[in-house]
Amino acid sequence: MFTEGEPEFCPEANKASKASFLGMFMQIDRRFMGKCFGQMQELGIYPGQIPVLGLLAHRDGLSQKEIAERLRIKPPTVNVTVQRLEKAGFLYRKADEKDQRISRIYLTEKGHKAKEKGMEKVAENEKILLDGLSDTELCLLRRFLEQITANIDKIPGGTGKINKENIENREKEGKNH
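Because the structure is predicted, anything quoted here is derived from the model rather than measured.

**A look at the packing of aromatic side chains**
Thought 1: Applying the stated criterion across every chain, the model contains 1 aromatic pair.
Thought 2: Over the face of the ring belonging to F90 we find K110, whose NZ or CZ atom lies 4.8 Å from the ring centre.

Laid out in structure tokens, this is it:
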């Protein structure tokens, strides 16, 4: 394929020894997210808190129930996360004007600044992650990733999303067996 001394990018003989694409995706995800989480911890934010801060930065004033529904996480998990973020000064609670039983959750100035710093880090990290790729390669990479994302929908099985109906059906099945 190549003349002597030139690199072989995907030689047939070595394909068996190469990592699977899934393995490569998982390795990239673990390494990249590990670096990002480390940077967020420097800002006083921990991995489980990132989605809550991101959601509130996008839509301030949600209740804990609304946060749990939108992020598809259990209400007790949201409660603990909100308490920790409140204690750290990233957010505060305020009673709903129409229904005093509901607490609305808002980012503090410190929370907004942490979100901005976090987004700056993410943008810097993406730039570093893609360093050395030409515009053509970036265009191809985007096209490949879009196709892979579309192909995921072709895989038989559930959506992977947890919804109330699935939980209720599993609970009913468990009681009937």
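**A short note on the pattern of salt bridges**
Thought 1: On inspection of all chains with the given rule, the structure shows 5 salt bridges.
Thought 2: Across the salt bridge formed by R104 and E66, the nearest N and O atoms sit 2.6 Å from each other. One end of the pair, R104, is in strand 2 (residues 103-107); the other, E66, is in helix 3 (residues 64-71), with 38 residues separating them in the sequence.
Thought 3: Judged by relative accessible area, E66 falls into the partly exposed class, the value being 22%.
Thought 4: Between E116 and K115 there is a salt bridge, and its shortest N-O distance comes to 3.4 Å.

**Describing the side chain of R104**
Thought 1: The exposure class assigned to R104 is buried, which follows from its relative accessible area of 16%.
Thought 2: Looking at R104, its side chain comes within polar contact range of the side chain of E66, at 2.6 Å.
Thought 3: A polar contact of 2.7 Å, which involves the side chain of R104, links it to the side chain of D96.
Thought 4: Not counting residues up to four positions away in its chain, the partners in contact with R104 are G61, L62, S63, E66, Y92, R93, K94 and D96.

**Looking at a nonpolar patch on the surface**
Thought 1: On the surface, a cluster of nonpolar side chains totalling about 1100 Å² of accessible area is made up of F21, M24, F25, I28, L133, L140, L141, F144, L145, I148, I152 and I155.
Thought 2: Broken down by secondary-structure element, the contributors of at least two residues to the nonpolar patch are helix 1 (21-42) and helix 6 (135-152).
Thought 3: If one sorts the elements of the nonpolar patch by residue count, helix 6 sits on top with 6 residues.
Thought 4: By the element assignment, I28 lies in helix 1.

About the criteria used
- Residues numbered from 1 in each chain as written.
- Predicted model: local features only at pLDDT ≥ 70, side-chain atom pairs only at ≥ 80, totals over all residues.
- Heavy atoms only, no water.
- Phe/Tyr/Trp six-rings, centres within 6.5 Å; stacked < 30°, edge-to-face > 60°.
- Lys NZ or Arg CZ within 6 Å of the ring centre and 35° of its normal.
- Salt bridge = Lys/Arg side-chain N within 4 Å of Asp/Glu carboxyl O.
- Helix = DSSP H or I, 4+ residues; strand = E, 2+ residues; numbered from the N terminus.
- Buried < 20%, exposed > 50% of the residue type's maximum accessible area, 1.4 Å probe, protein only.
- Polar contact = N/O pair within 3.5 Å; in protein donor to acceptor, adjacent residues only side chain to side chain.
- Contact = heavy atoms within 4.5 Å.
- Patch = residues over 30% accessible without salt bridge, like charges linked within 9 Å, V, L, I, M, F, W, Y side chains within 5 Å.
- Areas by Shrake-Rupley, 256 points an atom, 1.4 Å probe, with all protein chains shown as cover.

Function-wise, these values are silent; they only describe arrangement.
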